[in-house]
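An overview of the molecular structure
Here's the letter readout for the chains.
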Amino acid sequence: VQLQASGGGLVQAGGSLRLSCAASGGTFSRYAKAWFRQAPGKEREFVGAIHRNGGGTLYADSVKGRFAISGDNAKNTMYLQINSLKPEDTAVYYCAADRTKTYSSLAHPDYDYWGQGTLVTVSS
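None of these values were measured; they are calculated from a predicted model. (Residues numbered from 1 in each chain as written. Predicted model: local features only at pLDDT ≥ 70, side-chain atom pairs only at ≥ 80, totals over all residues. Heavy atoms only, no water.)

**Quick notes on the pattern of salt bridges**
Keep this limit in mind: Salt bridge, as used here, is a side-chain nitrogen of Lys or Arg placed within 4 Å of a carboxyl oxygen of Asp or Glu. Strands here mean DSSP runs of E at least two residues long; helices mean DSSP runs of H or I at least four residues long; both are numbered from the N terminus. Burial here depends on accessible area, computed with a 1.4 Å probe over protein chains only, as a share of the maximum for the residue type. Under 20% is buried, over 50% is exposed, and the range in between is partly exposed.
Evaluation of the coordinates by the stated rule reveals five salt bridges. Notably, a salt bridge pairs D89 with R37, separated by 2.9 Å at the nearest N-O pair. Linking D89 in the loop between β8 (77–82) and β9 (91–98) with R37 in strand β4 (residues 32–38), this pair joins segments that are 52 residues apart in sequence. For the residue pair D89 and R37, the accessibility class agrees, reading buried in each case. Between K64 and D61 there is a salt bridge, with the nearest N and O atoms lying 3.2 Å from each other. With respect to class, K64 is no different from D61; both count as exposed. Each of R37, E45, R66 and D89 takes part in one network of salt bridges that share partners.

**Quick word on the pairing of strand β7 (residues 67–72)**
The following threshold applies: Two strands qualify as a pair provided that DSSP identifies no fewer than 2 bridges between them.
The pairing of β7 with β8 spans six bridges and is classified as antiparallel. In the strand pairing of β8, S70 is matched with Y79. Here β7 folds back onto β8, and the loop between the two strands holds four residues, one of which, N76, carries a positive phi near 55°.

Next comes the structure, spelled out in structure tokens:
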């Protein structure tokens, strides 16, 4: 499957964005899907994930209550709604997918497929 992330941009603190991850070459609902982010000078970190076939979501503590993952199976697309943005949310956001991940491993970055990343910049 090929992944294309989009929707990033420059936004003021407190604002919102919705990132999209469009998949081609596979039925996206059959994949565990996740968002990771990498800030300048930092390691890539887990943001949130949704298990395949709508089997539950998992979020990093730092984004709980502000970020929400959803999917549109008809469009083969996953979304990341980001609210109450903070300057520390500035990062390149990557989507990822994997056919065989278990729920307990969703936060681990060993996904088989990755999108190219979309930059989110939050100004204070």
